[in-house]
Structures are given as C-alpha cells and as structure tokens.
Amino acid sequence: GLWNAFLSPSLHLSAQRVLGKDAAAYLPARPLSVSQYAKLSEIMGRSPGIAPEACNCSAPDTGNMEVLLHHGTDAQRRAYLPRLLRGESRSAFLMTERNAASSDAGNVCTRLTKIVDGEDRVSYVLDGTKWWSTGAMDPRCEVVLVVCRTDYSHPSWRAYASRRGLPADPSPGDRRRRHTVVVLPRSAPGISALRPLTVFGYDDAPSGHAVIRLDGVRVLPEDLVLGEGRGMEVARGRLGPGRVHHCMRAVGMAQRAYEMMVRRSSERVVFGKEIGRHGLARKRIAEARAAVESARALTLRCANMIDEAGVPQSLDWIALIKVEVPSLCLKVVDHAVQMHGGAGVEGSGYLAKTLAGLRTLRIADGPDDVHIEVLARLEVQKSKKEKENEEEGLLRSRL
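Residues numbered from 1 in each chain as written. Predicted model: local features only at pLDDT ≥ 70, side-chain atom pairs only at ≥ 80, totals over all residues. Heavy atoms only, no water.

Draft legend 1. Just the confidence of the model for the protein, in detail. Summarising the model, the protein shows a mean pLDDT of 94, and 100% of its residues fall at 70 or more. At the level of individual helices and strands, the protein shows its lowest average pLDDT in helix 13 (residues 368-398), which scores 88, and its highest in strand 8 (residues 224-225), which scores 98. (pLDDT = per-residue confidence, 0-100. Helix = DSSP H or I, 4+ residues; strand = E, 2+ residues; numbered from the N terminus.)

Draft legend 2. A look at the pairing of strand 2 (residues 111-116). Along strand 2, five of the six residues are buried, which leaves the element largely enclosed by surrounding structure. Here six bridges tie strand 2 to strand 3 (residues 122-130), and the two strands are oriented antiparallel to one another. Residue pairing in the sheet places Ile115 in a bridge with Ser123 of strand 3. Between strand 2 and the antiparallel strand that follows it, strand 3, lie five residues; Asp120 among them carries a positive phi value of about 60°. As defined by bridge partners, strand 2 adjoins strand 4 (residues 141-151) across three bridges and the pair is classed as parallel. Counted as the bridge partner of Leu112 is Thr150 from strand 4. (Buried < 20%, exposed > 50% of the residue type's maximum accessible area, 1.4 Å probe, protein only. Pairing = 2+ DSSP bridges.)

Draft legend 3. Spatial organisation of unusual backbone geometry. The step from Ala59 to Pro60 runs through a cis peptide bond, and the omega angle for that step is 5°. Summarising the element assignment, Pro60 is placed in the loop between helix 4 (51-54) and helix 5 (61-71). Cis geometry marks the peptide bond from Ala205 to Pro206; its omega dihedral reads 5°. Mapping Pro206 onto the fold places it in the loop between strand 6 (191-197) and strand 7 (209-219).

And the structure:
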C-alpha cells in the first residue's frame, strides 16, 4: 500500500531490517523514487490535515525517520523507529529558538554541556528553550530530535581532557562544528512544554507546535546522532527531499483552491452575469492556472534531479523550488480567496487555513531570503567553474 511511501529505495532496505517480520505489513512492496513520491505528495496536499497521516507520511515524522535510518545507531533505530514506522507514535524536531535568528543554524545556542563524573564516565547536560517545535503537542509524541550547541567549558571535562592529552575543544573557532543533534524520549526528565503556539490563530491540532523547555536534561553518548559536531550535517541531510515533499503538497493545496475558484466563477452572479464572465476574474483564473502548472513543473524537475544526481548536486534546484513554489501557490490561493469573498476568509473554511499555511511555508524550513542567497551563490560558483573550464580547455588546445 501507501504506508511509509516516503521511504527511498536505500531507506526502504534499512526500514526492512528494523521492522523484521513486520516489514511486509508496514512498508510498500516496492519503494518509490523521489519523483514518484512527489506526485503522491501533490495528492496528499489536497487534504493536508488527513492524507499525510493516513499514509504515515506526516512532517516532521518523515524527516526524523530519515535521520534515524541514515545516521542512527542500531540501538537508536531499535528504540525509536519500530513504533514510528508502524504509526503508533509521533515525533518532534527541536531547532528554532526565539532568542536566536534561527534561519542561520549556526546561531542555535541551546547548550549541550560535556561533563565527566568521578569514574571518568562522559555524559552531557542539555539546557535551553525551543519554539515552533512541530509535533511536540501531540499526545502521541514519544521522541524528540534536538539541535544544540556543544559546550566544552565544564571544569570536569577540561580536567579529564588535560589528563588524557586531549584537546578540550576539538573545533575552536569553527562555528559550524559546534552543533550536535541528540535523540531523546519525549518523556525524559527536564523536557517540558511551556505553552502551545498558533499559526495565524490555527492550532494545527492534534500535532501542534510548542515552546519546549530543556532544563538539565541528562544525555548519554549513545543519544548523540552521528557524533559531536555533526549537527549541521544531520540537519541539512534531513531537508533535501523534505522540501520536495513540502512543495508538492503545496501544489496539491493550490490545485484544489484553483478548482474551487473556477467552480465559484460559474456559480455566482454579480452585476447581471456570472463572475467568470468578468474580465478581471478571467485574468485571475488564467494567472492561477499558469502558477499551478509552473510550480508543479519546477518541483518535478527538482525531484528528477535528485533521483538522477543526488541531493548534493541538486542544491540549486532545492533552493529554487523553496523560493518559487510557495509564492506561486500562495498567489493561487489568494486569487481563490478574492473570488470567494467573505467565504474565503472565514476561519473554518479550506481557503483561509490554506492561505495561512502557505504563507508560513515561506518561512518554515528556511525563509525565502536564505534560499535566494543560496541559489545566487551557487549560480555564481557555477559560472566561475564554467569560465575556469573554458580557460583550461583553451590552454590545452594551444598546447
């Protein structure tokens, strides 16, 4: 079936090992490529509150499961993945902080303090506050992944490192090697939800978003994902295919809004004729159709690139769709809201909530500004590389 359909072929094999004899019941018989799953994501996007969970393909669970399948130890996989893959539990990803500009992940300042006890056993203490922790309000949430900054300043660690001839700080001055991802039970002592958050008034139940306090949470070395200082690597790897999934769900939302708008244009009469016979309404319909088709084509092109070349070689396309697709889809829904008048902004309706969600997507998983910067930088690097190759080819021809 479509349960866990988000799993790529390589992850599908890892998930089979985790589930053992239950694999046939909880995994597709044949894994889907990124392009194939993208088309399914569009269909799920038409009912974003129901369809993803009905296929066990909800965010942030998909990204968290991918992290554990890619980077988790055998013990971490056994502890957390079976229930997630069976849809019996949910998860949360804790990265964003209110007091730090979290669009630059290097600013994350939740501290993971390394300490050593009297028997020379290494452990850590986690302190900080996160917000926009999606999934943390869900009563089924059993596991959290936390992005934090490794702190080597504790006297016990410094004394231990000195005795062993180890560097107290293995990466001084390298802010990108200061961050670590840890995986913990949601019920771990010291993890508490301070309050729920709403998005333009919507609580996104049952998953919800929360302000989470991490107060002296005890962390063991086996709770680290991939090891100290690898946090940025883990976080980046989680977001590549995930952005394709987000964008194709956005296309599904926009397609549904477009269909509602066209239907509305033939059902309502204003000033003696159907809305759809007025010139401005026709202009909006045409613009909306073009926007949906453009968003779909861009995202599928990106998905094809990932299938063919992999995520590292597709970063320009990933940045491109994250900038363009939410804006294109937001334009469609805005036109649909205008066509529906008061029904378009009524809070219990599909259009108002979709408008809020798509506007938020221009910030979630990195704001537009960051992806514009990334895309432009990659284009300039590509141009320089092409110029160097041309000059090298010209030199060789002269020799």
